[in-house]
Amino acid sequence: MALSRQSVAAARRLLAGCGAAGSGYASPEAVAAAAKAAIDKKDMGAFYDCLTEESQNTLAGTAVMVGSMMKLMSGMAAMGGPEAQAEAEKETAEVTAIMEKHGVTEESLKDANPNPAMMGDSQAIGALANVVKDKRAFVHDVFTALDKMKKGGPDLSQQFTGELTDLKIDGDRAAAKLTTQRGEEELDFRKTAAGWKLHIDMEK
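Residues numbered from 1 in each chain as written. Predicted model: local features only at pLDDT ≥ 70, side-chain atom pairs only at ≥ 80, totals over all residues. Heavy atoms only, no water.

A. Highlighting the pairing of strand 2 (residues 173-180). Here strand 2 shows a clear split, with Ala174, Ala176, Leu178 and Thr180 buried on one side and none of Arg173, Ala175, Lys177 and Thr179 buried on the other. As paired elements, strand 1 (residues 163-170) and strand 2 share six bridges and run antiparallel to each other. Residue aspartate 170 lies in a different strand from strand 2, and its bridge partner there is arginine 173. Here strand 1 folds back onto strand 2, and the loop between the two strands holds two residues, one of which, glycine 171, carries a positive phi near 65 degrees. In the sheet, strand 2 pairs with strand 3 (residues 183-191) via eight bridges, with the strands oriented antiparallel. Following the sheet pairing, threonine 180 is matched in strand 3 by glycine 183. Here strand 2 folds back onto strand 3, and the loop between the two strands holds two residues. (Buried < 20%, exposed > 50% of the residue type's maximum accessible area, 1.4 Å probe, protein only. Helix = DSSP H or I, 4+ residues; strand = E, 2+ residues; numbered from the N terminus. Pairing = 2+ DSSP bridges.)

Right, here's the structure in full:
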């Protein structure tokens, strides 16, 4: 059940419809291949489409968290003097602009209180996404900016490069192992009304 070149090529052709109008995939292997194709193209919007609704909120909430922490660190840089503050603001300017564009401001987050302790709690992270106007676009914009900065972005390219094995389907749930350069990963899947989707479990 390797993610072969043929399956990835097929997924690339399907990416335009990956998640469009709530579409899913016929099998866990198909959505895993589509997710890999999206990551290869650095298209986080397409990757977002391959996730369950809960996982989409988790990913959007994670983007809120990362952006919030970057803004916080930028503000703390003032303690290092004007030059340090100016450099920090320059580094985070694009992410800050993206957050403001999508309505993710200090005012909108005042009751959410994003903090690193939330990172193991899917529900808490997902709730952060409630302030985002367009979650798909926000995810794509934030992680594209982080990739250009080469810091703080998700190491997803390695997570979806490898052989998918030991796939076990139990009703509308499935799990498989993926052997990558980082070692053995576990992928979770859910079968939705539209078809199979990837599922992010923060507790894992």
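B. Here's a closer look at the environment of methionine 44. The topology assignment puts methionine 44 in helix 3 (residues 44-49). Taking the C-alpha atoms as reference points, methionine 44 and phenylalanine 143, separated by 99 residues in sequence, lie 7.0 Å from one another.

C. Structural view of the sheet that holds strand 4 (residues 196-199). Sheet architecture is open: four strands sit in the order 1-2-3-4, paired in antiparallel fashion. Whereas interior strands pair on both sides, the edge strands pair on one side only; in this sheet they are strand 1 and strand 4. Within the sheet, the average angular offset between the axes of one strand and its neighbour, ignoring direction, is 30 degrees. (Axes fitted to C-alpha atoms, helices over the stretch in contact; angles between N-to-C directions.)

D. The arrangement of unusual backbone geometry in detail. In this structure, lysine 42 is a non-glycine residue whose phi angle is positive, near 55 degrees. Here lysine 42 falls in the exposed class, since its relative accessible area comes to 51%. At aspartate 166, a residue that is not glycine, the phi angle is positive and equals roughly 55 degrees.

E. Representation of the environment of glycine 162 within the structure. The residue glycine 162 is located in the loop between helix 8 (156-159) and strand 1 in this model. By relative accessible area, glycine 162 is classed as partly exposed at 27%. Taking the C-alpha atoms as reference points, glycine 162 and leucine 178, separated by 16 residues in sequence, lie 6.0 Å from one another.

F. Layout of the pattern of salt bridges. Applying the stated criterion to the full structure yields six salt bridges. A salt bridge links lysine 36 to aspartate 40, with the nearest nitrogen and oxygen atoms 3.0 Å apart. With lysine 36 and aspartate 40 both in helix 2 (residues 28-40), this residue pair falls four residues apart, about one helical turn. In this structure, glutamate 107 engages lysine 110 in a salt bridge whose closest nitrogen and oxygen atoms are separated by 3.0 Å. (Salt bridge = Lys/Arg side-chain N within 4 Å of Asp/Glu carboxyl O.)

G. Looking closely at helix 7 (residues 135-149). Taking 1.5 Å per residue as the helical rise, helix 7 with its 15 residues ought to reach 21 Å, and the 21 Å between its terminal C-alpha atoms agrees with that figure. Among the residues of helix 7, Phe138, Val139, Val142, Phe143, Ala145 and Leu146 are the ones counted as buried. Seen end-on, helix 7 carries its buried residues on one side only, within an arc spanning 155 degrees. (Expected span 1.5 Å × (residues − 1). Arc of directions from axis to C-beta.)

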